[in-house]
Amino acid sequence: MSAKDAKLKLKKILQGLLQEEFVQDNQNASTKLQELVQDIKNDFYVVVVLGEFKRGKSTFINALIGNDLLPTDVLPETATINALIYNEIPELQVIMHDGTIEKGVPERNFLERFSAKNQDAECRKIKYLKIGYPFKLLNNNVVIVDTPGVSDLNEQRCDVTYNFIPKANAVLFLLDANSPLKKSEKDFIEEKLLAQGIDNIIFLVNKYDNVDEEEDEDFWENLQMHMMKAFAEDEHKLKALEIYPLSAKMALRGVQEGNDAFVNASGINEVKEALQKNISEGRVEEEKLARYKARMQTVLLSLNSEIENKRALKAADVDKLREAQNGLKDMLAEQAENKKSIAEFVAEEQKNIVAMTDKSLRYFYKKLEDRIVEDVQFYKGLDFKDYVEQRISRAIQRELENWLMSYAPNIDVLLRTVEKEVARGISYRFNQKVALNANISGGVRESGYSVNVTALDVSNATVQAGAIAAGGAGLLMLIGGPVLMPFISMAAFPLLQRKFLEDKLATAKEQAIPAIQEQMADCIMKMQQSLHQYITEKCTIIVKNSEYAYDTVLDNLQESIDEEIQNKKNLSNDLGTDIAKLNAEIDIIHNTLQNMQEV
């Protein structure tokens, strides 16, 4: 059977299943299956662009299509899914969750309305933005999907993103060259992509222009080895390890300015070639069919589980239901005490997370301070000004950003662990699975650090002392963060001006080192305070959500059991008929799964 015939047969099976009353009554399953039928009809090749926030996904897509269309920023910017399809004339449609469609303008100013910093209430009503654009790569039924950052998703965005991921035939996963493949990224790839059979992943190492290959000439080779090792032992394997260096910002600038040198140096051409090859070669049709079947199986297994739960409740006799009812009454009596226990547990775990974070931060700061001081002390050249302003400044900036980028996901992992433990405790009490969502998803923002250091130029005594006074000790500024680091007062200018005209290298070092140490210490303290505040806020959310989950599940269970007891008291209620009906529904699902496998 050809792939085309197989897809037609699968669509026919789906259409028959959608005629079943129990499927129509389940809104979630019905919606997903209807979407699958439509996707098979359209038969798009879906390329999903993924990556944590600040990875440059929207900038990359803008460079790819050659137009600065999608909103970009250093903060998580994309609040909606943006699906790009081919159209001769640019057009935009706003697809709402309620099924309505509004026309929009395919321009940057219009799309700014849907960025994360604007119109949150409006964004929550939107399912995705459909953007038609005359980009040649899209011409062969290809869709490129721009998603919110996977580590900065609130509940709504998370749901939208994960609804699109199962549709992916290929994934472009953007990493940051400053800190490639963090633990949170690896976990996401393993748990959300490979576990769903999505193994066609192309890795793009963005911001590669920040890599100093003179300082680290083995960077690319080491990165490839690191990537291979990271996924070598995974239960689900990558189709192949494809990894490309990229500077999306340089590529977009080259396109905007018509500068071929920038475009060629950015790596965007190699990415386009890899993507085109991925689309045009290989077992594309077979892989699309496999994705359709995988999506269908996921929906059916979930539906089967729901029906089996209903059957178990129906099959329980009145005595068992009354026993459960009495257990719920006991839990109602214990409600306040149980909530107190949850709050105490979370508070204790919060202290542990804060302590671990502080320990790591102190260790990092001590190592960084020792290294920087040693580097400055042992510097022998005459270009001390350039050395401090460029090499030392760049090194400090990179280390600060790398630590926060590397450690922030660890904090979120610890918080999610607390969340899971609370959920496990509640689940144990109710003997059922309880899902909590504390909106913990990479919320520690990787504040951009701008290093602004000017130092004494010992090769020329006639330096601009004003610039030194303004910036010499103002080593670090948290741009976009909660803190603006203080500068040395301009009152020091006359003294510095006189002294710097006399000083040479040794004195310049004596002055620079304490200033650097002071500002680094101040910066670390403010960073620590910001992290403490973040941890406290998220732990508060865990407690509130756990209390809500406890109350909600308790109420729902009580209502369901009371209703079922009443049904069993009602002699007109034919219990055997109800169970037989549920058994028939389960048989239909099992037969459908069997027929699907034979396609």
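For clarity, every value in this text was computed on a predicted model and none was experimentally measured. By convention here, each chain's residues receive numbers from 1 onward along its written sequence. Where local features are concerned, this predicted model is filtered to residues with pLDDT of at least 70; where side-chain atom pairs are given and counted, the filter is 80 or more; whole-chain, interface and lining totals use all residues. Side-chain descriptors were evaluated using all non-hydrogen atoms of the structure, hydrogens and water having been removed beforehand.

*Asks:* Looking at this model, I keep getting lost on unusual backbone geometry. Mind explaining?
*Replies:* Among all residues save glycine, negative phi is the norm, and among peptide bonds the norm is trans. With a phi close to 55°, Asp 43 is a non-glycine residue in the positive phi region. Counting through the fold element by element, Asp 43 comes out in the loop between α3 (27-42) and β1 (45-50). Here Leu 181, not a glycine, exhibits a phi torsion of approximately 55°, which is positive. On the basis of relative accessibility, which here comes to 7%, the residue Leu 181 falls in the buried class. A helix here means a DSSP run of H or I that spans at least four residues, while a strand means a run of E at least two residues long, and both kinds are numbered starting from the N terminus. Think of it in three bands: residues with accessible area under 20% of the maximum for their type are buried, residues over 50% are exposed, and the middle band is partly exposed, with areas taken using a 1.4 Å probe on protein chains only.

*Asks:* I would appreciate a short explanation of the environment of Leu 137 in the present structure.
*Replies:* By secondary structure assignment, the location of Leu 137 is in the loop between β5 (126-133) and β6 (142-146). Placed 139 residues apart in sequence, Leu 137 and Gln 276 show a C-alpha to C-alpha distance of 7.1 Å. Note on definitions: a residue-residue contact is assigned when non-hydrogen atoms from the two residues lie within 4.5 Å. Contact partners of Leu 137, with chain neighbours within four places excluded, come to Val 142, Leu 275, Gln 276 and Ile 279.

*Asks:* How should I be thinking about the packing of helix α4 (residues 57-65) against helix α12 (residues 268-280) in this particular structure?
*Replies:* What describes two packed helices is the angle between their axes and the distance between those same axes. Throughout, an axis means a line fitted to C-alpha atoms (over the contacting stretch in the case of helices), and angles, computed between N-to-C directions, take values from 0 to 180 degrees. It is at 11 Å that the axes of α4 and α12 come closest, and there the two elements cross at 80°. For the element pair α4 / α12, the angle class is roughly perpendicular. The residues of α12 that touch α4, namely those facing Phe 60, Ala 63 and Leu 64, are Ile 268, Val 271, Lys 272 and Leu 275. Throughout this entry, Asp, Glu, Lys and Arg are counted as charged residues, while Ala, Val, Leu, Ile, Met, Phe, Trp, Tyr, Cys and Pro are counted as nonpolar. The remaining residues, Gly among them, count as polar. For the contact of α4 with α12, the per-class residue count stands at six nonpolar, no polar and one charged. Here is the rule for angles: anything less than 35 degrees is roughly parallel, anything more than 145 is roughly antiparallel, 65 through 115 is roughly perpendicular, and the remaining ranges are oblique.

*Asks:* Is there a simple way to explain the environment of Ser 184 in this structure?
*Replies:* Within the secondary structure layout, Ser 184 lies in helix α8 (residues 183-193). Along the backbone, Ser 184 and Val 413 are 229 residues apart, and their C-alpha atoms lie at a distance of 7.8 Å.

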